[in-house]
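Each chain, written out:
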Amino acid sequence: MVVSRRFSSVVSAILLLAAAMSTTAFVPRSTCPSTAKKLGNALFMSAVADKPATTSGEKTVVSSIRNLAVIAHVDHGKTTLVDALIRQSGVFRDETQANEAGVRVMDSEDQERERGITILSKNLAVQRDGVKINIMDTPGHADFGGEVERVLNMCDGVLLLVDSVEGPKPQTRFVLDKALSKGMKALVVVNKVDRPAARVEYVVDTVFDLFVDLGATDEQTDFRVVYASGLLGKAGNEPDALADDMGPLFDAILESIDPPTVERSEPDALQALISNIDYDNFKGKMGIARITNGSIKAGQAVALAHPDKPKRTGRIGELYVFDNLGKKEVKEASAGEIIMFSGMEGVEIGDTLVTNEAGGANAAEPLEPIAVEQPTVRMTIGVNKSPLAGREGKFLTSRMIRDRLFKELDRNVALQVAETDSADRYEVSGRGQLHLTVLIETMRREGFELEVGPPTVIYKQNEETGKMEEPWEAVEVRVPEEYMGSVVDLLNMRKGELQDMGLEEGEGLSVVKYLVPTRGMLGLRSALLSSTRGTALIDSVFDSYRPRIPGDIQARDKGSLLAFAAGTATTFGIEAAQNRGQMFVSVGDDVYENMIVGIHQRPGDLPVNVCKTKQLTNMRAATKEVKTGVIAPVDMTLDSCVEYLAADEILEVTPGLFRMAKNPDMLKKGGKGKK
């Protein structure tokens, strides 16, 4: 595999060298691009410096603006790097204000700070040498790839961030492929070069190989490289000669990210594709769009156009552009700028804002709507029907849940919601389990009580063969060598297909790459972490749809401990039950019949009475001096509960608690558990 990839790099380098004969500003990268980088960057900088920023043919170049997205694999340091750019661009008044803002300013949501990941794309704008740089911080997790696809519609280039030790990962390939397919050029930033195990030249080589594998053009393959440490707030053109600030990265952005180009600038030519939705308690729904052509004014008569929908007309209310971490109101904005506007209640992602002056007689055609990858996993979300329902939540009814789910579609383009045969249950489809649990957690914090079904994969029929297909994921696991056997066993049990195996340079970890059905990935993360004592590093991304594997894939090899009767858990009852497995409940917790109170130590479900009390007599018990004690229960989060669920189980979600139980509908049909 390595030999063939290197061979392709050599062939590509030869072709690039031949193309370079006709231009002095193009320097091809060899199989070791880092050696040619110095000369290439110098020629590139001189070429950009001489480039006029006025018109190109019939197109006008807006040299005062740069629109870019920061893309990378999860945990490669996007948000930390963006924070460093913010702090060094004069956004904060002084050091005190910067300290009050805290770390990772862009991760403003509670769940983002708690999980340590970016969930929603964020917009900001900074000024550098008279140029406005609109920066979009994007999620790195594969489940939120829809956010990346949506944001790329507002950009002219991307900052591809790569860890100096790990190099390109599965999500790096996904987001880069989307950017290259849109014809964008990438500025490669090798981040975390201050790490002791950094292997910069290897990372640059593998990034170059990735560009070649994805079919990048000659211009895209001749990428600019900047080295940085987002944590230290330093960057440079050489890994061992970083400046004291992010100045070299700012300069590289201005030089290598293309400015917006405009075909038509007259007001009638207005075209602005809505790529995001915000909400204000006083102004209502607000659209976020990048003006492709024309210009727009506050109070202007406009229309929302879509190829498959009738036009909706109205007037722009307030008009804003992004400024630092917030926005500022303006009277007018021109092509190339990213705007936010109010006044159009029916605005949706994928609509195109066009002029409606003079009845829209001279209005431009709508742009092509945003297309995102289809969801692969679904869950049912409905009204909580447990015997303990209604004790905590504020929003309990089917109508409230339905309105909230369909409201989420306004912002979450990768999500789908559908009605089911039941009037109080809805089918929600997303990119992955995390994509759906983030929504459930958000609703829980808003005061909803929900009944959630187990995650299932979405099958589809191949139109050519007529056969059913299921989604597969590319999985990469890095783990200490002594746990490799356990990892391989688990992946094989989940019907995975081995793709590659070896040792990772630098950190001494074993690496294994598999293709695994998404069915097999449900609940796999917890099993891998348990079998490797929390040392496994797991990365996965959707690969493709392939023919469905017949039969079921075993999710877990242990059953559940079920509550024998309703009541309150007692010390005596839990002491007796904990000999059968690990408990989920504590003394004083309310339980109901067929509620899951623990993990059975053997396959199959077992009813236990956690509510029984010790018989009171005046006789001295033979076991009086034996002190067993109650063992602390397993702390189950929302994610771990969803991973635990079997096909015949449901999860009760309230603002304060998670309870799992056997599905009453399946018990009526003769399922497991006490009837």
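Residues numbered from 1 in each chain as written. Predicted model: local features only at pLDDT ≥ 70, side-chain atom pairs only at ≥ 80, totals over all residues. Heavy atoms only, no water.

Let us now look at the overall build of the chain. Per the secondary structure count, the chain includes 18 helices and 38 strands. Put simply, the chain has 675 residues, and 52% of those count as buried. Across the chain, contacts joining residues at least 24 apart in sequence account for 71% of those joining residues at least 6 apart. Working note: accessible area of the chain is about 30700 Å², and carbon and sulfur atoms make up 50% of it. (Helix = DSSP H or I, 4+ residues; strand = E, 2+ residues; numbered from the N terminus. Buried < 20%, exposed > 50% of the residue type's maximum accessible area, 1.4 Å probe, protein only. Contact = heavy atoms within 4.5 Å. Areas by Shrake-Rupley, 256 points an atom, 1.4 Å probe, with all protein chains shown as cover.)

As a further point, take the sheet that holds strand β16 (residues 319-323). Strand order across the open sheet formed by eight strands is β15-β14-β20-β11-β12-β19-β16-β17, with antiparallel pairing between neighbours. A single partner strand is all that each edge strand has here, and the edge strands are β15 (309-315) and β17 (326-329). Averaged over all pairs of adjacent strands, the angle between strand axes in this sheet comes to 40°, irrespective of strand direction. Across two bridges, strand β11 (residues 271-280) lies against strand β20 (residues 352-355) in antiparallel orientation. Bridge assignment links L273 to a residue of β20, and that residue is T352. (Pairing = 2+ DSSP bridges. Axes fitted to C-alpha atoms, helices over the stretch in contact; angles between N-to-C directions.)

On to the nonpolar core, then. Ranked by size, the top nonpolar core spans 42 residues in total, and within it L160 and F211 carry the most contacts. Per-element tally for this core: the top contributor is helix α8 (residues 200-213), with eight residues. Setting aside residues no more than four positions away along its own chain, L160 makes contact with I71, T172, L176, A186, L187, V188, V189, V207 and F211. If you look at the next biggest cluster of nonpolar residues, it comprises 30 residues, including V417, L450, F584 and M660. (Core = buried A, V, L, I, M, F, W, Y, C linked by side-chain atoms within 4.5 Å.)

Before going further, it helps to spend a moment on the confidence of the model for the chain. Scored by pLDDT, the chain comes out at a mean of 79, with 82% of its residues at no less than 70. Note that residues 96-104 has pLDDT below 50 and, in this model, 17 contacts with residues that lie over four places away or in other chains. (pLDDT = per-residue confidence, 0-100.)

It is worth spelling out the packing of helix α11 (residues 398-408) against helix α12 (residues 433-446) at this point. One way to put it is that α11 packs onto α12 with a least axis distance of 12 Å and a crossing angle of 130°. In this view, α11 runs oblique relative to α12, as classed from their interaxial angle. Crossing handedness for the pair α11 and α12: right-handed. For the pair formed by α11 and α12, the contact residues are I401, R404, L405 and E408 on the first element and L439, T442, M443 and E446 on the second. When grouped by side-chain class, the residues that make up the contact of α11 with α12 number four nonpolar, one polar and three charged. (Parallel < 35°, antiparallel > 145°, perpendicular 65-115°, else oblique. Left-handed = near helix turned anticlockwise from the far one by under 90°. Nonpolar A, V, L, I, M, F, W, Y, C, P; charged D, E, K, R; others polar.)

Under the 1.5 Å per step criterion, the end-to-end length of α12 is 20 Å for 14 residues, consistent within 8% with the ideal 20 Å. With 11 of 14 residues buried, α12 is to be regarded as a mostly interior element. Taken residue by residue, α12 has Q433, L434, H435, L436, T437, V438, L439, I440, E441, M443 and R444 as its buried positions. Directly beyond the C-terminal end of α12, a positive phi value near 110° is found at G447. (Expected span 1.5 Å × (residues − 1).)

Turning next to the sheet that holds strand β7 (residues 185-191). Strand order in this open sheet of seven strands is β4-β5-β3-β6-β7-β8-β9, and the pairing throughout is mixed. Whereas interior strands pair on both sides, the edge strands pair on one side only; in this sheet they are β4 (122-128) and β9 (234-236). Taking the axes of each pair of neighbouring strands and ignoring which way they run, one obtains an average angle of 30° across the sheet. Across six bridges, the pairing between strand β3 (residues 65-72) and strand β5 (residues 131-137) is parallel.

This part covers the environment of A576. Along the chain, A576 turns up in helix α16 (residues 571-577). Note on A576: relative accessible area 33%, which makes it partly exposed. The spacing of A576 and V610 is 34 residues in sequence and 7.7 Å in space, taken between C-alpha atoms.

On inspection of all chains with the given rule, the structure shows four aromatic pairs. Centroid distance F211 to F223: 4.7 Å. Interplanar angle 35°. Geometry classified as tilted. Placement of the pair is F211 in helix α8 and F223 in the loop between α9 (218-221) and β8 (224-229), with a sequence separation of 12 residues. We note that F211, like F223, is buried. Positioned over the ring face of Y320 is K327, at 5.4 Å from the centre of the ring. The ring of Y459 has R548 sitting right over it, with the charged end atom 4.2 Å from the ring centre. (Phe/Tyr/Trp six-rings, centres within 6.5 Å; stacked < 30°, edge-to-face > 60°. Lys NZ or Arg CZ within 6 Å of the ring centre and 35° of its normal.)

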